[in-house]
Amino acid sequence: MKKIASFQVDHTKFGVGMYISRIDGDIVTYDVRMVKPNGGAYISSPSMHTIEHLFATFARNSRFGESVVYVGPMGCRTGFYLLTRDDMSRDDAITLVRETFAFIADFNGEVPGLSAEECGNYLEHDLDSAKKDVLPLLEILRNYTAEMLDYSFQSLRS
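Since the structure is predicted, the reported quantities are computational estimates derived from the model, not experimental observations. (Residues numbered from 1 in each chain as written. Predicted model: local features only at pLDDT ≥ 70, side-chain atom pairs only at ≥ 80, totals over all residues. Heavy atoms only, no water.)

> It is not clear to me how the overall build of the protein chain should be interpreted in this structure. Could you clarify?
Looking only at helices and strands, the protein chain features five helices and four strands. Of the regular secondary structure in the protein chain, the N- to C-terminal order runs β-β-α-β-β-α-α-α-α. For a compact globule of 158 residues, the expected C-alpha radius of gyration is about 15 Å, and the protein chain comes in at 15 Å, within 12% of that figure. Dimensions of the protein chain, computed from the C-alpha atoms along their principal axes, are close to 40 × 40 × 35 Å. Burial analysis of the protein chain (158 residues in total) assigns 44% to the buried set. Of all intrachain contacts in the protein chain linking residues separated by at least 6 positions in sequence, the fraction that spans at least 24 positions is 68%. (Helix = DSSP H or I, 4+ residues; strand = E, 2+ residues; numbered from the N terminus. Rg over C-alpha atoms; globule rule 2.2 N^0.38 Å. Buried < 20%, exposed > 50% of the residue type's maximum accessible area, 1.4 Å probe, protein only. Contact = heavy atoms within 4.5 Å.)

Next up, the structure:
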């Protein structure tokens, strides 16, 4: 089988950050990397699950919500995929993730979708870990620019 685009990126040459993974027609896939790939520390499943609920809910309810197609966790537990329509600028995508992670870091209350009727694994959540796990990327995104979304740019910085 043909190797997919995700497996053609050298995961040893980048760390925490936000990157454009691919563009398919009018859909842009961003890799939102919260921990260094193959770095030995990964996001726990309960934390990822909580971040997923908060990330998807906040992003779809934000001023950019009409452009958000999908938010979902990476199976490797290093971060999330954010798919947007190409009508959202690269700077706005960074702003969306920055605002979303700030929201998660400060979130107090009941995580959306925490019932058996709303979620297939509603008991596996960890808000305290989620709030901590978003902080490294939030710090890195503070001065992030659209040019930094390119994986090759990050490889040059390593």
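> So what exactly am I meant to see when it comes to the sheet that holds strand 2 (residues 27-33) here?
Two strands in a sheet stick together by hydrogen bonds in their backbones, pointing the same way (parallel) or opposite ways (antiparallel). Reading across the sheet, the four strands line up as 1-2-4-3 and stay open at both edges, with antiparallel pairing between neighbours. If you trace the sheet from one side to the other, it starts and ends with strand 1 (17-24) and strand 3 (68-73), each paired once. Neighbour-to-neighbour, the strand axes of the sheet open up by a mean angle of 20°, direction not taken into account. Looking at chain direction, strand 3 and strand 4 (residues 79-85) are connected through five bridges and run antiparallel. Opposite Val68, over in strand 4, you have Thr84 as the bridge partner. Strands in contact with helix 1 (residues 45-61) are strand 3 and strand 4; relative to strand 3, the strand with the most contacts, it is inclined by about 170°. (Pairing = 2+ DSSP bridges. Axes fitted to C-alpha atoms, helices over the stretch in contact; angles between N-to-C directions.)

> Help me understand helix 2 (residues 90-106), please; the structure alone is not making it clear to me.
Structurally, the α-helix is built with 3.6 residues per turn, so residues lying three or four positions apart point the same way. The end-to-end C-alpha separation of helix 2 is 25 Å, in line with the 24 Å expected for 17 residues at 1.5 Å each. Listed in full, the buried residues belonging to helix 2 are Ala93, Ile94, Thr95, Leu96, Val97, Thr100, Phe101, Ile104 and Ala105. (Expected span 1.5 Å × (residues − 1).)

> I tried to follow the pattern of salt bridges on my own but got confused; where do I start?
Pairs can form between side chains of opposite charge once their charged atoms are near each other. Under the counting rule described, the total for this entry stands at six salt bridges. The salt bridge involving Arg22 is made with Asp24; its shortest N-O contact spans 2.6 Å. Given the relative accessible area of 37%, Asp24 is considered partly exposed. (Salt bridge = Lys/Arg side-chain N within 4 Å of Asp/Glu carboxyl O.)

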